[in-house]
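Here is what each chain is made of, one letter per residue.
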Amino acid sequence: MAEAILYSFRRCPYAMRARMALHVSGLAYEHREVVLRDKPAAMLGVSPKGTVPVFVTTDGEVLEESLDIMRHALAQNDPEGWLDRGDQALVAANDGPFKHHLDRYKYASRYEDVDPEQHRASAVEILAELDRRLAATPHLCGDKRGFADIAIFPFVRQFANHDRERFDADLMPHLQAWLEGLVASDLFAAIMKKHPKWEPVET
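Residues numbered from 1 in each chain as written. Predicted model: local features only at pLDDT ≥ 70, side-chain atom pairs only at ≥ 80, totals over all residues. Heavy atoms only, no water.

Draft legend 1. Quick peek at the packing of helix α4 (residues 88–106) against helix α6 (residues 147–162). Remark: α4 packs on α6, axes separated minimally by 10 Å, with the N-to-C direction vectors making an angle of 15°. Relative to α6, the element α4 is oriented roughly parallel. The two elements α4 and α6 cross, and the hand of that crossing is left-handed. Only Ala-148, Ala-151, Ile-152, Phe-155, Val-156, Gln-158, Phe-159 and His-162 of α6 make contact with α4, whose side of the interface consists of Leu-90, Val-91, Asn-94, Asp-95, Phe-98, Lys-99, Leu-102, Tyr-105 and Lys-106. (Axes fitted to C-alpha atoms, helices over the stretch in contact; angles between N-to-C directions. Helix = DSSP H or I, 4+ residues; strand = E, 2+ residues; numbered from the N terminus. Parallel < 35°, antiparallel > 145°, perpendicular 65-115°, else oblique. Left-handed = near helix turned anticlockwise from the far one by under 90°. Contact = heavy atoms within 4.5 Å.)

The structure is reproduced here in structure tokens:
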């Protein structure tokens, strides 16, 4: 049986959440670090859309969406019970409206007639809802981290890091503590280790 393969890029938030689920599941795979400006032909051969992450299972199935990779890994082994703490609506709000505003705040120059401050304000409204939710429990779906936390966390981190001083000044203490805890976790440290660019072995 062939070894599973993950095509990844270290700083991509979608790839981060896939790697976190794969790591906690203990699923074995070959990590192939991709340079996005020089995508390997092997990756494009299995996934022509050319985005990461891409996971090729031991059976040859190609998973091109990070949430699908997370679910696949956790279906094999879910030692912390992440799948019990999912909240699909919350994840959809992150991947839809929040990501929309995040992109136009962080990458405003890529869009025409965009006011980054307006999009930041809209993103903060969504984050404030998370903060209110985290006032009741330390994680988004209870006392322990779960699928929703890991699916959403890399994007909140990306927002915070774009202007850390402003984020730290926002009155969202529960969200800030949640983010700090996940950033400082052994899990996040493990999946953020640097890998050299993957090169195919010539035969």
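The structure having been displayed, the exposition proceeds.
Draft legend 2. Examining the packing of helix α1 (residues 13–25) against helix α3 (residues 66–76) more closely. Interhelical geometry of α1 versus α3 gives an angle of 5° and a closest axis separation of 8 Å. Between α1 and α3, the angle falls in the class roughly parallel. Listed contacts from α3 to Tyr-14, Arg-17, Ala-18, Ala-21, Leu-22, Val-24 and Ser-25 of α1 are Ser-66, Leu-67, Ile-69, Met-70, Ala-73 and Leu-74. A breakdown of the residues in the contact of α1 with α3 according to their chemical character gives 10 nonpolar, 2 polar and 1 charged. (Nonpolar A, V, L, I, M, F, W, Y, C, P; charged D, E, K, R; others polar.)

Draft legend 3. Looking closely at the pairing of strand β2 (residues 30–33). Alignment of strand β1 (residues 5–8) against β2, held across 4 bridges, turns out to be parallel. For Leu-6, the partnering residue across the bridge sits in β2 and is His-31. (Pairing = 2+ DSSP bridges.)

Draft legend 4. Region of interest: the packing of aromatic side chains. Evaluated as defined, the whole model comprises 8 aromatic pairs. Centre to centre, the rings of Tyr-105 and Phe-159 are 5.2 Å apart; their planes meet at 40°, and the pair counts as tilted. Here the residue Tyr-105 occupies a position in helix α4, and Phe-159 occupies one in helix α6, the gap between them amounting to 54 residues. Assigned by exposure class, Tyr-105 and Phe-159 land together as buried. Centroid distance Phe-153 to Trp-178: 6.4 Å. Interplanar angle 85°. Geometry classified as edge-to-face. Of this pair, Phe-153 sits in helix α6 while Trp-178 sits in helix α8 (residues 173–183); the two residues are 25 residues apart in sequence, bridging distant segments of the chain. Residue Phe-153 shares its accessibility class with Trp-178, and that shared class is buried. Ring-pair connections join several aromatic residues into one group, and the members of that group are Phe-98, Tyr-105, Phe-159 and Phe-167. (Phe/Tyr/Trp six-rings, centres within 6.5 Å; stacked < 30°, edge-to-face > 60°. Buried < 20%, exposed > 50% of the residue type's maximum accessible area, 1.4 Å probe, protein only.)

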